[in-house]
Amino acid sequence: MHRALYVCELLRTIFDSLIADKAERSIVSAACATNIFLEPALDSLWRELDDFKVLLKLWPADAITRDSATGSYYRFVRPLAPSDWARFDFYAKRVRGLSASLGRPCETFEGMPDLLHDTFCTDLGKAMMETGRTVLLPNLQSLDLQGSVCSTTQLAGLLITSRLERLHLSPDWGEMHCADHGFLRAILLRKPPLKSVSLPNVRVSAFYPGGSAAMHAAYPPTITSAVIPDDVFKVKFIASHLSSLPCLKELRLTTFYSLGVDFVHNAIHPMLSLRSLAAGRGSVQRIARHAPNLTRVTICTLYDYDAASDEEMQPSFEGFMATVEALRASCKNLQRLKVVWDKDDEMEDEIATCIRDMRLCWGQDEERREICVQLKEMADAE
C-alpha cells in the first residue's frame, strides 16, 4: 500500500469526496479492508447526520423502545447504566452536524407524530447528569432541528456545545407560549461562538427571563446570518442589540399577526453591514430606512400584519409602491427585488411591470418565474 494512504487527513479528504458522491458503501468496504482506513472512514460517515434515530440505535435495545402502532414515540424503559454509553460515545464524538426532524404534533396518527416521547429528554438529561456529561454530542458544530416544541427545545438544550457555530431551531410556533426555553439557558451557560442563528418561531417573550444577557449570548458579534420573528424589533433592548451586530449580512424576519404594533425606530441603529433582507412588506418598509447598503430584498408577503387595522393590512398596489419608494429613498445599491405571491391577484402584472421598470431583476423570464413560483406550488398542491 502506498505510503500516502497512511496519512489520515488525505484519507478523510478521499472519503469526504465519496460521501459527496453518495458512495457510502465504498467507504464501508474500505473500513472493513484494513484498520488503517477504519478511523478516517468512520469520521467521514458520521460527520453529518440527517436522522436522529441513528443515534437512538446506539443505546442497548433493552433500554429504549418505541410505540409499536406508530413506530414513533421513543422512550427509555430503564435507566442508562455507565456501560450503556460506551458504543454511543465511540460514534458521538465524530458527529459535527445534525439536521433532523423530530416530527410534528398531531391529534391522530394520520399525520407525522412526535419522534420522541414526552419523557425522553427528561430521562436522557438525568442519565447524562449521573455520568457527568454536559452535552450529548461534544464536537457538534451545526444543529438543525424541526418538530414539536417540547422535543425541539428540550433536546436542543442537551446538544448545544461550546463548538457550535450554526443553530437552527424551528419548533411548531403555535405552542411556543408554553415551551421550556432550556436551549436559551444552554446558550447562556456555554456561550458558543455562533455565526448563524435561525429561530423563526421563537417569540420575543422567550428572551424576557434572560434579558439582554440571553440576547447577547444567542446573537454574539460573530453572527453573519439570522432568522427571527419580526416582533424582536418591537422591544427596545432587543432591537438595539440586533441592529448593532457588526457582521450581520443576511436577515430574514418571519411574520406574526400583531395589528397596530410598530417597530421602536429610535432604538434601531444603522445596519450598515446588512446586504440581504427577507420579510413581509410592512417590515421591509420599516427596516429599509435603517439598512442603506441592502442589495437584495425579498418581500415574503404583501400583507402588512403590523398595520393599524384590518383594512390597511390587506395587499394593495398602493401599499407595495409605498414600500418601493422607501427602498428607492434609502437603498441606493439595491440590485434585486423579489416578491413571493400570497395568492392569485390582479396586481401581479402591475407589480411585475414595476419591478422590471426598476431594473432590479436579471431578466423578464426569471422575474416572472419568481413572482409566480408560489402560485404554481399552490396549483400543484390542489
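Scroll up to find the structure.
Residues numbered from 1 in each chain as written. Predicted model: local features only at pLDDT ≥ 70, side-chain atom pairs only at ≥ 80, totals over all residues. Heavy atoms only, no water.

### Re the pattern of salt bridges
Step number 1: Counting across every chain of the model gives seven salt bridges.
Step number 2: When the shortest N-O distance is used, the salt bridge between Arg78 and Asp62 registers 3.1 Å. Remark: Asp62 occurs in the loop between helix H4 (53-56) and strand E2 (64-65) and Arg78 occurs in the loop between strand E3 (75-76) and helix H5 (86-92); sequence separation between them is 16 residues.
Step number 3: Residue Arg78 is classed as partly exposed on the basis of its relative accessible area, which comes to 26%.
Step number 4: A salt bridge links Arg328 to Glu325; its shortest N-O distance comes to 3.0 Å. One end of the pair, Arg328, and the other, Glu325, are both in helix H13 (residues 317-330), three residues apart, so they sit about a helical turn from each other.
Step number 5: Classification of Glu325 by relative accessible area gives partly exposed; the value is 40%.
Step number 6: Sharing partners across several salt bridges, the network here consists of Asp62, Arg78 and Asp84. (Salt bridge = Lys/Arg side-chain N within 4 Å of Asp/Glu carboxyl O. Helix = DSSP H or I, 4+ residues; strand = E, 2+ residues; numbered from the N terminus. Buried < 20%, exposed > 50% of the residue type's maximum accessible area, 1.4 Å probe, protein only.)

### Focus on helix H9 (residues 211-218)
Step number 1: When we look at burial in H9, the residues that qualify are Gly211, Ala214, Met215, Ala217 and Ala218. Along H9, the residues classed as buried sweep out an arc of 165° about the axis, all on the same side. (Arc of directions from axis to C-beta.)

### A look at the pairing of strand E11 (residues 296-299)
Step number 1: Examined bridge by bridge, strand E10 (residues 276-279) and E11 share four bridges and lie parallel to one another. Paired with Ala279 across the two strands is Ile299, which belongs to E11.
Step number 2: Tracing the backbone out of E10, into helix H11 (residues 281-288) and back to the parallel element E11 gives a crossover that is right-handed.
Step number 3: As defined by bridge partners, E11 adjoins strand E12 (residues 336-339) across four bridges and the pair is classed as parallel. Looking at the pairing, Thr298 lines up with Lys338 of E12. (Pairing = 2+ DSSP bridges. Right-handed = clockwise from strand over helix to strand, strands pointing away.)

### Here we look at the nonpolar core
As a rule of thumb, soluble globular proteins bury nonpolar side chains together.
Step number 1: Core analysis: the largest hydrophobic core is formed by 91 residues, its most contacted members being Phe52, Trp59 and Tyr219.
Step number 2: Broken down by element, the residue count for this core peaks at five residues, all from helix H6 (residues 120-130).
Step number 3: Setting aside its immediate chain neighbours within four residues, Phe52 contacts Leu98, Ala100, Leu102, Leu115, Leu116, Phe120, Leu136 and Leu155. (Core = buried A, V, L, I, M, F, W, Y, C linked by side-chain atoms within 4.5 Å. Contact = heavy atoms within 4.5 Å.)

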